[in-house]
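Secondary and tertiary structure notes
Take a look at the letters that make up each chain.
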Amino acid sequence: MTTESYVERSPIAELRGVVRTVWIQRTGEAPYVQRHLPTGGVELHFPIGGLPQLLGPLTGPNVEVIPPNTTLVGVRFHPGMAPPLPVVLDDLLDARVGLDELWGGTAERLGEAVISAPGPGAALDVVQAHLLQIFRWEGHLDPLVGEAVRRLMPWHPIEVGALAGHLAISSSQLRRRCLHLVGVGPKTLQRTLRFQGFLALAQAGATPSGQMGADGLSGLAVDVGYADHAHLSRECVRLTGVSPSELLRGGANRCGCGHDHSASYKPFLATRAMAPLRS
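Residues numbered from 1 in each chain as written. Predicted model: local features only at pLDDT ≥ 70, side-chain atom pairs only at ≥ 80, totals over all residues. Heavy atoms only, no water.

1. So, the overall build of the protein
Counting its secondary structure elements, the protein contains 11 helices and eight strands. Since a compact globule built from 279 residues should have a radius of gyration of about 19 Å, the 19 Å found for the protein is in line with a globular shape. For the C-alpha atoms alone, the extent of the protein along its principal axes is close to 55 × 45 × 30 Å. For the protein, with 279 residues in total, the buried portion stands at 51%. At a minimum sequence separation of 6, the contacts of the protein that also span at least 24 residues come to 71%. Here the protein displays about 12700 Å² of accessible surface, and carbon together with sulfur accounts for 53% of that area. Separation between the mean location of the 24 positive side-chain charges and that of the 24 negative ones in the protein comes to 6 Å. (Helix = DSSP H or I, 4+ residues; strand = E, 2+ residues; numbered from the N terminus. Rg over C-alpha atoms; globule rule 2.2 N^0.38 Å. Buried < 20%, exposed > 50% of the residue type's maximum accessible area, 1.4 Å probe, protein only. Contact = heavy atoms within 4.5 Å. Areas by Shrake-Rupley, 256 points an atom, 1.4 Å probe, with all protein chains shown as cover. Lys, Arg positive; Asp, Glu negative; His and termini not counted. Charge placed at Lys NZ, Arg CZ, Asp CG, Glu CD.)

Written as structure tokens, this is what we have:
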């Protein structure tokens, strides 16, 4: 009997600047309800034997029912680090698009290579090798947007209104570049990254710093910039459709689905060590 599983991995070393995590997912004998959450980045999904898809940047939960006995490999990109596409990312906001609509015959050939791979691990290697070629040949990442993402991480207490000045561009130019290369404006991105920071701390079983005398999930919420637990709860419902306790099922070291997301959160948390302390 096939059992449901989801295993995240770190990407190959050459892709770690653009890819946050890769994964292999298998469903069991029943359909699996997958709740995709906003991360600030886009994702590529390759169901083995099915049509590859791109999941655009999300502003809320995207619920997908994955058929029984399905195996798929996936790639999640850092914000602002999507592979070259024929459209700007705000055109793909909250959208799920067939990769053939964006890459044409290249997507078809890549899908065939995934199917022909001797196993899901090899299929994931095929996808990563293709992405490495893309970024070597065509990838032109915007260093300004990359710096904006770095400054909007929850460990950086910068105000969005001051960000453009720090980057020496106008607010309108910053918003335009974020919309085109991330899919959302700076304020929405900051909210998304703040919530991802909370999830990262919760998944890592982090101990709250004790700011404002808060502990537990409330303490982690304060540590990433929420005013209090009520503020976290409102944002969690907005971004995921459920409350923090429902999402985490009451635990601070295990997500509601029981999956291990450490490969996704380790690089995210690594940016915390380089950040100034929040006063």
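2. Topic: the pairing of strand S3 (residues 32-36)
Residue alternation in S3 divides its side chains into a buried set, Tyr32, Gln34 and His36, and an unburied set, Val33 and Arg35. For S3 and strand S6 (residues 62-66), the ladder comprises five bridges, and the chain directions are antiparallel. When the bridges of S6 are listed, tyrosine 32 appears paired with isoleucine 66. (Pairing = 2+ DSSP bridges.)

3. Some thoughts on the side chain of arginine 194
Within the secondary structure layout, arginine 194 lies in helix H7 (residues 186-203). The residues contacting arginine 194, other than those within four sequence positions of it, are Pro154, Val224, Gly225, Tyr226, His231 and Glu235.

4. Side note on the packing of aromatic side chains
One pair of aromatic rings is described through two measures. These are the centre distance and the angle between the planes. Considering all chains together, one arrives at four aromatic pairs under this definition. Aromatic side chains phenylalanine 77 and phenylalanine 135 sit 6.3 Å apart centroid to centroid with 45° between the ring planes, which places their arrangement in the tilted category. With phenylalanine 77 in strand S7 (residues 71-77) and phenylalanine 135 in helix H3 (residues 120-137), this residue pair connects regions lying 58 residues apart in the sequence. (Phe/Tyr/Trp six-rings, centres within 6.5 Å; stacked < 30°, edge-to-face > 60°.)

5. Here's the deal with the sheet that holds strand S2 (residues 19-26)
If you trace the six strands from one edge of the open sheet to the other, you get S1-S2-S7-S4-S5-S8, paired in antiparallel fashion. The sheet is open, and its two borders are formed by strand S1 (5-9) and strand S8 (96-98), each paired with just one other strand. The sheet shows a mean angle of 20° between the axes of neighbouring strands, taken without regard to direction. Examined bridge by bridge, strand S5 (residues 53-55) and S8 share three bridges and lie antiparallel to one another. Directly across from leucine 55, in S8, lies its bridge partner arginine 96. On the sheet, helix H11 (residues 262-273) packs against S1, S2 and S7 and is oriented at approximately 170° with respect to S2. (Axes fitted to C-alpha atoms, helices over the stretch in contact; angles between N-to-C directions.)

6. Examining H11
Side chains of residues three or four places apart in an α-helix project in the same direction, reflecting 3.6 residues per turn. Compared with an ideal rise of 1.5 Å per residue, which puts 12 residues at 16 Å, H11 spans 16 Å between its outermost C-alpha atoms and is within 8% of the ideal. Residues Ala263, Ser264, Tyr265 and Phe268 constitute the buried set of H11. In this structure, the buried side of H11 is in contact with S1, S2, S7 and H7. (Expected span 1.5 Å × (residues − 1).)

7. Overview of the packing of helix H4 (residues 143-152) against helix H5 (residues 160-167)
Where H4 meets H5, the axes come as close as 11 Å, and the angle between the chain directions of the two elements is 140°. With respect to H5, the element H4 is oriented oblique. The crossing of H4 and H5 is right-handed. Judged by residue contacts, Leu144, Glu147, Ala148, Arg151 and Leu152 of H4 engage Val160, Leu163, His166 and Leu167 from H5. A breakdown of the residues in the contact of H4 with H5 according to their chemical character gives six nonpolar, one polar and two charged. (Parallel < 35°, antiparallel > 145°, perpendicular 65-115°, else oblique. Left-handed = near helix turned anticlockwise from the far one by under 90°. Nonpolar A, V, L, I, M, F, W, Y, C, P; charged D, E, K, R; others polar.)

8. Points about the side chain of arginine 76
Tracing the sequence through the fold places arginine 76 in strand S7. Arginine 76 gets classed as buried once you look at its relative accessible area, which sits at 10%. A distance of 2.8 Å separates a polar atom in the side chain of arginine 76 from a polar atom in the side chain of glutamate 43. A polar contact is formed between the side chain of arginine 76 and the side chain of serine 264, at a distance of 3.5 Å. (Polar contact = N/O pair within 3.5 Å; in protein donor to acceptor, adjacent residues only side chain to side chain.)

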